[in-house]
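Chain residues, written in single-letter form:
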Amino acid sequence: MQNQPKSTDPEWTIIKILQWTTSYFKSNAIDSPRSTAEILLAHTLGIKRIDLYLRYDQPLVRSELDRFRTLIKRRINREPVAYILGLKEFWNIELSVTREVLIPRPETECLVEEALAVLSKGSSVSSKMILDAGTGSGAVILAIASEKPGHNYFASDISFKAAFAALNNAKRHKLDRKICFFCGNWFLPLKENGKLFDMVLSNPPYIRNNDIKSLQPEISRFEPFEALAGGEDGLCQIRNIISCGHRFLNSGGHLIIEIGHDQKEAVCKIVEETDIYQDIYFRKDYSGFDRIVCIRKR
């Protein structure tokens, strides 16, 4: 880094290092350079972002400068902020995120919103059986369980490390006794003659395998490939969930899935070919794309 802040320089106050870092991030095409600088510096100092401006003339000591320089280098290398901090907020829940799990996206909150809307239409007395297949960090199931604690929740992931991360997030928010976590490939661990679910949720991989390498380096180089890759057409896992999910749903049970922004027509065709669902509905995300499909078993 040219003209980088030296740990021996006594003039590196909070405001000066924010200004320098913002300029440096901008020149390296880092998204949201100012807010990224604020987030990383507040994390380094163990304070809130607003405190940076209340203490703007405070100089950084050598150890603080050294720690901050390390975080700057990681972000310049295009490592996502969530992995640098090990944290990501989703639905007002702070989640621990590791390199083994996908970073929760804002559009996935639409999956939570649709699930809550469906649950609100049902009986407020009966307790539902709800499964989050491919839970990752546990973001979706934790958000729903925090809003509707009276139901029976289950969550699975093919990755043991991901399932363990989700369990730890549940413990962190005292929701681990409300959710049963298990490891397995979609529905394979479940018995077809076992107890059925009233709702199955999933945010499966839906990016075409060949498209992953062309994504932002924050995604292609750092996020787990298996959590992104949806096969040659991006629909492999969606097709599997729709074609198999009805076997584990009660009659009238809902299957709610996050899909790619351009996959509506293909998903409609998959649903029609199964000839076992009804009431297909698509929910748009905050950018206006059809992002969530909700179907009901006959």
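The structure we're discussing is the one just above.
1. Digging into helix α8 (residues 160-172)
Turn by turn, an α-helix covers 3.6 residues, leaving residues three or four places apart pointing in a common direction. Under the 1.5 Å per step criterion, the end-to-end length of α8 is 18 Å for 13 residues, consistent within 8% with the ideal 18 Å. Packing partners of the buried residues in α8 comprise β2 (93-96), α7 (139-147), β4 (152-157) and β5 (179-183). The opening residue of α8 is Ser-159, an N-cap whose side-chain oxygen sits 3.3 Å from the backbone nitrogen of Lys-161. Within two residues after α8, Lys-174 carries a phi angle of roughly 55 degrees, on the positive side.

2. Remarks on the nonpolar core
By size, the foremost hydrophobic cluster in this structure holds 31 residues, and its most contacted members are Val-112, Leu-142, Ile-144, Ile-179, Met-199, Leu-201 and Ile-256. Contributing elements (two or more residues each) for this core: β2, α6 (109-121), α7, β4, α8, β5, β6 (197-202) and β9 (290-297). One finds Phe-187, Tyr-206, Ile-241 and Val-267 within the second-largest nonpolar core, a separate group that totals 27 residues.

3. Observations regarding the side chain of Gln-237
Structurally, Gln-237 can be placed in helix α10 (residues 236-245). With relative accessibility at 19%, the residue Gln-237 sits in the buried group. Those residues within four positions of Gln-237 in sequence are excluded, and the remaining contacts are Trp-186, Pro-204, Pro-205 and Gly-230.

Reading the values: rules and limits
- Residues numbered from 1 in each chain as written.
- Predicted model: local features only at pLDDT ≥ 70, side-chain atom pairs only at ≥ 80, totals over all residues.
- Heavy atoms only, no water.
- Helix = DSSP H or I, 4+ residues; strand = E, 2+ residues; numbered from the N terminus.
- Expected span 1.5 Å × (residues − 1).
- Contact = heavy atoms within 4.5 Å.
- Polar contact = N/O pair within 3.5 Å; in protein donor to acceptor, adjacent residues only side chain to side chain.
- Core = buried A, V, L, I, M, F, W, Y, C linked by side-chain atoms within 4.5 Å.
- Buried < 20%, exposed > 50% of the residue type's maximum accessible area, 1.4 Å probe, protein only.

Distances and angles like these do not, on their own, reveal function.
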